[in-house]
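# Coordinates in review
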Amino acid sequence: RIQKIQAREILDSRGNPTVEVDVLTASGFGRASVPSGASTGTNEALELRDKEERYGGKGVLDAVDNVTTIIENELLGMDVRNQREIDALMLALDGTDNKMELGANSILGVSMAVAKAAADSLNTPLYRYLGGVNAYTLPVPTMNVLNGGKHAGNELSIQEFMIQPKGAESFTEALRMGTETYHALGKVLEDKYGASATNVGYEGGYAPPLEMTSDALDSLIKAVEEAGYGETEITLGLDAAASEFFDGENYSIDGKLLQPAELVDYYLDLIETYPIVLIEDPFHEESFEDFAALTSEAWETIIVGDDLFVTNVERLAKGIEMCAGNALLLKVNQIGSVSEALDAAHMAMRNGYSVVVSHRSAETEDTTIADISVAIAADLIKTGAPARSERTAKYNQLLRIEEDLGDVARYMQL
Ligand code: PGA
Ligand code: ZN
């Protein structure tokens, strides 16, 4: 039973305040902290910020206060294993559609800390507590090794260029293959564009001073080769985060303005030319029709809805109905509680959609998403480059989970 809930303001990887929550029971302890986006979707649950002068208006003392007063008052004495009941109670306390009253950051912090306290009190690893006997599959990491868009100070429209070590036997080996390729990419970029091209963006990927999508992809292909791998072992993926280069009518990319139908052709061309197996947010966040058009033309490609679905079952249901995309990006803070995020994952899977568990561009040392990815047997996990501790924390947790599972561990085959 919950004896105490504490909360505090800590810093995320961009140096902005975020919420950390501790939940204490007689036999368990859980601590969780909340991530934050830069290319945030309009339909995401609301992140409560103080709007006072301190930290440039980004303080979260109000959210912290909501945890230690309103939420703690209500949750004291409850059994931490009643995750759904606890989450539902917080939703009711908030009473709004987008958690604007208490803040998704305060609710999610408590929700994740409750799950961890429950796992701890049962002496069970979090992935097994959430996933039970079916939690034995490690996701394929889709590693963001080259940054553009809002995540970097360069001219690339596409936000993320990712690699997937598909041809690995285990997660441990996949991580090594991806990391070797990351380092090879650093060398390729330095040789071609100079040392400053290996400066990194928000998610630890290199942020070279490029403008053209093809220049970034050519460098990636070269890196895969230099690392000694082939196109079937390491494949490529993009997160266009296209809302960020859409002006309401056209998409601005590679020095051109493209209409939605032209952008469909643009992507089809990229898929023909490069070993691209995944494209996230190819169109802006309300363009269900354009997603459907691309999905029907590129049905073998994983078309992921991030800002489109915002981990929200209502938006996902609309997407499923329209055949818009074929994969869900799962970001716990887009929806703001563990049980709602699990609901979205299950809806996706029941309808044949893949699930990609994801970090945010501002992260903390919290590794909950690594455990969630195994708990739900997600197809992929996206948690940045294999560099910067807030990114490697998740990958390292997956190494520990694979070790803990031992012989029964399985690496996801896409
Ligand atoms: P964000 O970016 O965390 O800045 O929103 C990640 C993404 O778009 O997938
Ligand atoms: Zn995205």
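A few points on the structure.

Cut-offs applied
Numbering of residues begins from 1 in every chain and follows the order in which that chain's sequence is written. Labels follow written order: the first chain is A, the first ligand is 1, and so on. Only residues with pLDDT of at least 70 are given local features in this predicted model, and only at 80 or more are side-chain atom pairs given and counted; all residues enter the totals for whole chains, interfaces and linings. To obtain the side-chain values, all non-hydrogen atoms of the structure were included, while hydrogens and water were left out. Note on terminology: a nonpolar core comprises buried Ala, Val, Leu, Ile, Met, Phe, Trp, Tyr and Cys residues joined through side-chain atoms within 4.5 Å. The cut-offs for exposure are 20% and 50% of the maximum accessible area for each residue type, with area from a 1.4 Å probe on protein chains only; residues under the lower value are buried, those over the upper are exposed, and the others partly exposed. The contact criterion used throughout is that any non-hydrogen atoms of two residues lie within 4.5 Å. One heavy atom suffices: a residue is near a molecule or strand as soon as one of its heavy atoms comes within 4 Å of it. What qualifies as a polar contact is a pair of N or O atoms within 3.5 Å, subject to a donor-acceptor requirement within protein and to the restriction that residues adjacent in sequence count only when both atoms come from side chains. Where accessible areas are quoted, they stem from the Shrake-Rupley method and a 1.4 Å probe; at the residue level, only the protein chains shown are allowed to cover. The nonpolar class holds Ala, Val, Leu, Ile, Met, Phe, Trp, Tyr, Cys and Pro. Asp, Glu, Lys and Arg form the charged class, and all remaining residues, Gly among them, are polar. Any residue with an atom within 4 Å of a point lines the site, the site being either a cavity, points on a 1 Å grid over the protein atoms alone where a 1.4 Å probe fits but cannot get out, or a pocket, an open set with protein on both sides within 12 Å along at least 5 of 7 lines. Grid points are joined across faces, edges and corners, and a volume is the space filled by probe spheres set on the points. Strands are runs of DSSP state E lasting at least two residues, helices are runs of H or I lasting at least four, and both sets are numbered from the N terminus onward. Counted as donors are N, O and S atoms no farther than 2.8 Å from the metal, or 3.2 Å for Na, K and Ca; water is not among the atoms, and sites may therefore look incomplete. DSSP-based pairing: two strands are paired if at least 2 bridges between them are found. Each axis is a line fitted through C-alpha atoms, and for a helix only the stretch in contact is used; angles between axes span 0 to 180 degrees, taken between their N-to-C directions. Working definition: rings of Phe, Tyr and Trp (its six-membered ring) pair if their centres are within 6.5 Å, and the pair is stacked with planes under 30 degrees apart, edge-to-face with planes over 60 apart, and tilted otherwise. Salt bridges are defined by distance alone: a side-chain nitrogen of Lys or Arg within 4 Å of a carboxyl oxygen of Asp or Glu.

## A look at the nonpolar core
- Formed by 126 residues in total, the largest nonpolar core has its most connected members in Y267 and L330.
- Discounting residues that sit within four places of it in the chain, Y267 has contacts with A240, F245, I279, P282, F283 and L294.

## Digging into the site of ligand 1
- Near ligand 1 lie 15 residues; those nearest to it are A38, H151, R360, S361 and K382.
- One nitrogen or oxygen atom from the side chain of Q159 is found 3.0 Å from an oxygen atom belonging to ligand 1.
- Between ligand 1 and D239 there is a distance of 3.1 Å, counted from an oxygen atom to a side-chain nitrogen or oxygen.
- Alone, ligand 1 offers 280 Å² of accessible surface; in the complex the protein occludes 100% of this.
- Residue composition of the shell around ligand 1, by class: 2 nonpolar, 5 polar and 8 charged.

## Looking at empty space enclosed by the protein
- The final tally for this structure, using the stated rule, is 2 cavities of 30 Å³ or more.
- Counted as a void, the largest cavity has a volume near 100 Å³.
- As for the largest cavity, its lining consists of 17 residues, and the residues nearest its centre are P35, V332, E363, D366 and I369.
- Of all elements in the fold, only α10 (332–335) and α12 (368–375) reach the threshold of two or more residues within the lining of the largest cavity.
- Of the residues assigned to the lining of the largest cavity, the class counts are 5 nonpolar, 7 polar and 5 charged.
- There is about 60 Å³ of room inside the second largest cavity.

## Here's the deal with the coordination of the zinc ion (ligand 2)
- Around the zinc ion (ligand 2), the protein contributes the donor atoms D239 (OD), E280 (OE) and D306 (OD), at 2.0 to 2.2 Å from the metal centre.
- Mapping the donors of the zinc ion (ligand 2) onto the primary sequence yields the spacing D-x40-E-x25-D. Taken as a pair, D239 in strand β8 (residues 234–239) and E280 in strand β11 (residues 276–280) lie far apart in primary sequence, 41 residues in all. For the pair D239 and E280, a shared accessibility class is recorded, and that class is buried.

## Examining the sheet that holds strand β3 (residues 29–33)
- Spatially, β1-β2-β3 is the arrangement adopted by the 3 strands of the open sheet, whose pairing is antiparallel. Two strands in the sheet have a free side with no partner beyond their single neighbour: β1 (2–11) and β3. Adjacent strand axes in the sheet meet at a mean angle of 15° when their direction is disregarded.
- In terms of strand pairing, strand β2 (residues 17–25) meets β3 through 5 bridges, oriented antiparallel. Across the sheet, V21 pairs through a bridge with A32, a residue of β3.
- Sheet strands in contact with helix α1 (residues 61–75) are β1 and β2, and its direction is about 175° off that of β1.

## Regarding the packing of aromatic side chains
- A full pass over the atoms with the stated rule returns 9 aromatic pairs.
- The interplanar angle of 35° and the centroid separation of 4.6 Å between the aromatic rings of F246 and Y251 together place this pair among those described as tilted.
- According to the relative accessible area criterion, F246 is partly exposed, its value standing at 21%.
- Accessibility expressed as a relative area gives 0% for Y251, which makes it buried.

## Section: the pattern of salt bridges
- Tallied over the entire structure, the rule returns 25 salt bridges.
- Linking D22 and R31 is a salt bridge whose minimum nitrogen-to-oxygen distance equals 2.8 Å.
- Classification of D22 by relative accessible area gives buried; the value is 4%.
- Notably, a salt bridge pairs D191 with K187, separated by 3.3 Å at the nearest N-O pair. Taken together, the residues span about one helical turn, with D191 and K187 both in helix α5 (residues 171–193) at a distance of 4 residues.
- Look at D191 and you get exposed, because its relative accessible area is 58%.
- Judged by relative accessible area, which is 53%, K187 ranks as exposed.

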